[in-house]
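For reference, the chains in residue letters:
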Amino acid sequence: MKRVFWLGVGVAAGVALSRKVGETARQATPAGLASNVGDAVRELAGALGAFGADVRAGMSEREQELNQIVERPVTRTRPPETGGRPPQAARPQAGRPQGERPGPRPAQGAGARPRPASAGRELRGRRAERARPRTSSPSAVVVLTAPASLGRGRSERGNALPAGRGRPPPPCEEAPVETHEISKRFLDYFEGHDHTRVPSASLILDDPTLLFVNAGMVQFKPYFLGEVPPPYPRATSVQKCVRTGDIDEVGKTTRHNTFFQMAGNFSFGDYFKEGAIERAWGLLTSAQDAGGLGFDPERLWVTVYEHDAEAAGLWREITGIPSERIQVRDGKDNYWDMGVPGPGGPCSEIYYDRGPEYGRDGGPVVDEDRYLEIWNLVFMQDIRGDQSPKLGHPPVGELPQKNIDTGMGIERVAFLLQGVDNVYETDLVRPVIQRAEEFSGRRYGADHADDVRFRVIADHARSGAMLIGDGVTPGNEARGYVLRRLLRRIVRAMRLLGVHEPVLPEFATVVRDAMAPSYPEIARDFDRISDVMRQEEETFLATLTSGSRIFDLAAAETKRSGGSILAGDKRSSCTTPTASRST
């Protein structure tokens with residue numbers, strides 16, 4: 001009854017606003033109109049705010065019924081003693097008493113603060129010491145799942161880019177950080193925690209299950225499977241990745257890229273869940289002047305796999321994050337594998353709350369546009385068969401040892417730390433958009449359809465240049481076809497922006513200048529990269545010109561004969577199979 005009453009209040013407020021705007025438009029001057037409309041909008045906002053608050057209160061009983069509460073003792077797991085490796089306690093690190101649990105070394109320099117003594121351990125990198133709420137039992141954890149009525153998974157808006165919004169609230173009150181600097185901080189942090197820095201692998205590896213490297217762990221796959229002894233117990237890298245499964249979403253959302261950089265830290269039978277959680281939280285929340293990323297811990301959320309109460313307990317115990325910001329999800333969201341048979345395991349994802357102007361309250365299970373995933377911690381312990389555990393199928397076996405594989409999206413962290421609205425406006429991607437503006441005479445931000453085209457151009461130009469740099473050439477099959485499609489989508493987008501002359505070599509130059517500080521090989525091999533892009537564009541433009549000429553002749557002949565539909569044989573003659581497949 002209460003909700004019905006307030007719903008009436010909301011409707012009445014809306015009607016009142018409509019009337020007031022109408023009266024203002026008839027009677028007021030333009031200046032007065034703006035003022036009065038603003039007053040009316042504020043009145044409605046107040047009424048609707050009261051309405052929303054009361055609805056939430058009215059729903060509390062129903063939410064309490066729907067919430068599942070997981071309250072289990074935290075059971076610590078240790079990597080099995082395999083491959084002749086001694087137990088962890090028998091392998092003390094320098095400066096650590098023998099038998100002490102492995103963890104990060106104490107932070108050095110400014111910004112390092114000890115955790116409360118009651119926690120029993122030191123967590124490096126915390127920006128500020130704060131009270132840590134506890135459950136009634138130190139060994140128990142309470143995790144609240146999302147109400148079923150609120151839905152699961154993706155935002156109802158499909159993670160669409162927000163229209164007409166200002167800049168998002170900053171994740172911290174510190175200066176923006178350039179993308180190359182984010183990569184450097186990540187690598188420096190983990191190298192300082194006894195991880196071996198490993199260069200990015202090529203986008204093309206000798207793996208018959210993958211067209212391209214699509215995750216940071218791919219080059220370490222033999223170590224996870226136990227096929228090859230790892231040369232180090234811990235590693236860190238920033239890996240070049242290409243994923244094209246969501247190619248049609250590029251330009252339309254805040255977070256999809258075909259090319260992206262995945263920062264990761266890896267443990268091969270060394271530390272496990274506890275060490276991964278401590279290190280991730282430390283880097284994210286430590287102050288920038290101490291070498292961290294400076295995220296506000298109060299705006300971070302985490303999700304855990306529905307059968308992993310241990311991870312939920314560790315999140316609460318190690319970080320002090322309250323139970324309402326720990327959410328449980330099923331395998332579709334919180335089990336990770338490569339999409340093909342191989343290593344996998346349950347995972348915990350870290351999200352950043354961008355603020356109410358970007359979506360609904362309720363955490364990642366309600367809205368993944370407002371709550372943006374920035375880091376995934378995979379507890380790699382299973383072997384996946386033909387059917388993925390993400391869909392409820394059991395693993396076919398266990399890995400020889402428990403491992404850690406994490407992935408932090410460099411571009412996503414960059415757009416948050418740089419105070420821009422999406423990944424396409426970060427410092428390494430936006431220059432391509434600016435060059436496309438110069439070519440077209442149109443301005444990014446003036447038209448939604450054009451904005452999507454600008455973003456497609458910026459994303460695909462990076463992907464194309466990086467793929468060519470790693471040895472892919474345009475073709476009609478497999479990797480070559482993917483590259484050809486990416487490059488021709490750029491040309492098509494530019495034509496829709498009114499540009500018909502060749503542009504790909506110019507975009508390649510912009511990509512080289514932006515990416516070379518992290519990937520100097522793109523500068524060393526630039527002449528070849530530019531030449532491949534030039535030849536592909538010339539071929540495609542010739543195909544378009546020939547196809548258009550044939551179409552015009554066929555259309556004219558059809559009209560002369562009194563028809564209005566182009567015959568199938570004439571349609572097929574207007575384009576080659578390659579051209580038709582790439583559009």
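Structure's up top.
None of these values were measured; they are calculated from a predicted model.

**What about the overall build of the protein chain?**
- On a plain count of helices and strands, the protein chain comes out with 16 helices and 11 strands.
- Sorting the 583 residues of the protein chain into buried and exposed places 51% on the buried side.
- Residue pairs at least 24 apart in sequence account for 72% of intrachain contacts in the protein chain once pairs closer than 6 positions are excluded.
- Carbon together with sulfur atoms contributes 52% to the accessible area of the protein chain, which is approximately 26000 Å² in total.

**Quick look at the packing of aromatic side chains**
- The full count for this structure, using the stated rule, is 18 aromatic pairs.
- Ring centres of Y305 and Y335 lie 5.9 Å apart, and the angle between their planes is 65°; this geometry places the pair in the edge-to-face category. Taken together, the residues span a long stretch of sequence, with Y305 in strand β6 (residues 300-305) and Y335 in strand β8 (residues 335-337) at a distance of 30 residues. Like Y335, Y305 is buried.

**A few points about the side chain of T179**
- As for its position among the elements, T179 is in helix α3 (residues 179-191).
- Its relative accessible area of 2% is what places T179 among the buried residues.
- Within polar-contact distance, the side chain of T179 engages the side chain of Q418 at 3.3 Å.
- When neighbours within four sequence positions are excluded, T179 is seen to be in contact with Q261, I410, A414, Q418, D427 and L428.

**Focus: the pattern of salt bridges**
- Under the defined criterion, the tally for this structure stands at 30 salt bridges.
- Across the pair D470 and K240 runs a salt bridge, and its minimum N-O distance is 3.1 Å. With D470 in the loop between α10 (448-469) and α11 (478-496) and K240 in strand β4 (residues 234-242), the pair connects residues that are 230 residues apart, well separated along the chain.
- The exposure class of D470 is buried, given its relative accessible area of 19%.
- Via salt bridges that share partners, K184, D188, E191 and R197 belong to a single interconnected network.

**Quick look at α11**
- Look at α11: 27 Å from first C-alpha to last across 19 residues, which is about the 27 Å you get at 1.5 Å a residue.
- Listed as buried for α11 are G480, V482, L483, R484, L486, L487, R488, R489, I490, V491, A493 and M494.
- The positive-phi residue at the C-terminal boundary of α11 is G498, with phi of around 95°.

**Examining the packing of α3 against helix α5 (residues 273-285)**
- Contact geometry for α3 and α5: axes closest at 11 Å, N-to-C directions at 135°. Between α3 and α5, the angle falls in the class oblique. The hand of the α3/α5 crossing is right-handed. Taking contact as the criterion, the partners of R185, F186, Y189 and F190 in α3 are, on α5, E278, R279, G282 and L283.
- The class makeup of the residues in the contact of α3 with α5 is four nonpolar, one polar and three charged.

**Points about the pairing of strand β7 (residues 326-329)**
- Here β7 shows two buried faces, one formed by I326 and V328 and the other by Q327 and R329.
- Pairing analysis gives four bridges linking β6 to β7, with the strands arranged parallel. Its bridge partner lying in β7, T303 is registered against Q327.
- Note that the unit made of β6, helix α6 (residues 309-319) and β7 has a crossover that is right-handed.

**Notes on the environment of K240**
- Exposure remark for K240: the relative accessible area of 3% places this residue in the buried category.
- A polar contact of 3.1 Å, which involves the side chain of K240, links it to the side chain of D470.

**A look at the layout of surface pockets**
- For the largest pocket, the calculated volume is near 1300 Å³.
- Lining the largest pocket are 46 residues, with R243, D246, F260, W336 and R412 positioned closest to its centre.
- Among the elements of the structure, β5 (259-268), α7 (331-334), β8, β9 (342-353), β10 (371-384), β11 (397-409) and α8 (410-417) are those that each provide at least two residues to the lining of the largest pocket.
- Among the residues making up the lining of the largest pocket, the classes are represented as 18 nonpolar, 14 polar and 14 charged.

**Focus: unusual backbone geometry**
- Phi angles above zero are rare outside glycine, and D194 is one such case at about 65°.
- Tracing the backbone shows D194 in the loop between α3 and β3 (196-197).
- Take D194: its relative accessible area is 36%, and that puts it in the partly exposed class.
- One non-glycine residue, A478, lies in the positive phi region at around 50°.
- Looking at where A478 falls in the secondary structure, it is placed in helix α11.
- Look at A478 and you get partly exposed, because its relative accessible area is 48%.

**Let's talk about the nonpolar core**
- Core analysis: the biggest nonpolar cluster contains 97 residues, and F295, W315, I374 and W375 have the highest contact counts within it.
- In terms of residue count, the dominant contributor to this core is α10 (10 residues).
- The contact partners of I374, leaving out residues within four places of it in the chain, are L284, F295, L300, I350, Y352, G407, M408, G409, V413 and L416.
- Counting 20 residues, the second largest nonpolar core, distinct from the first, contains A235, W336, C347 and M380.

**Here's the deal with the environment of S237**
- Within the element layout of this structure, S237 appears in strand β4.
- What makes S237 buried here is its relative accessible area of 0%.
- For S237, the contacting residues outside a window of four places in its chain are F186, L187, V198, G216, Q219, F220, M262, A263, G264 and F266.

Basis of the calculations
- Residues numbered from 1 in each chain as written.
- Predicted model: local features only at pLDDT ≥ 70, side-chain atom pairs only at ≥ 80, totals over all residues.
- Heavy atoms only, no water.
- Helix = DSSP H or I, 4+ residues; strand = E, 2+ residues; numbered from the N terminus.
- Buried < 20%, exposed > 50% of the residue type's maximum accessible area, 1.4 Å probe, protein only.
- Contact = heavy atoms within 4.5 Å.
- Areas by Shrake-Rupley, 256 points an atom, 1.4 Å probe, with all protein chains shown as cover.
- Phe/Tyr/Trp six-rings, centres within 6.5 Å; stacked < 30°, edge-to-face > 60°.
- Polar contact = N/O pair within 3.5 Å; in protein donor to acceptor, adjacent residues only side chain to side chain.
- Salt bridge = Lys/Arg side-chain N within 4 Å of Asp/Glu carboxyl O.
- Expected span 1.5 Å × (residues − 1).
- Axes fitted to C-alpha atoms, helices over the stretch in contact; angles between N-to-C directions.
- Parallel < 35°, antiparallel > 145°, perpendicular 65-115°, else oblique.
- Left-handed = near helix turned anticlockwise from the far one by under 90°.
- Nonpolar A, V, L, I, M, F, W, Y, C, P; charged D, E, K, R; others polar.
- Pairing = 2+ DSSP bridges.
- Right-handed = clockwise from strand over helix to strand, strands pointing away.
- 1 Å grid on protein atoms, 1.4 Å probe; cavity = no way out; pocket = protein on both sides within 12 Å on 5 of 7 lines; lining within 4 Å.
- Points joined across faces, edges and corners; volume = space filled by probe spheres on them.
- Core = buried A, V, L, I, M, F, W, Y, C linked by side-chain atoms within 4.5 Å.

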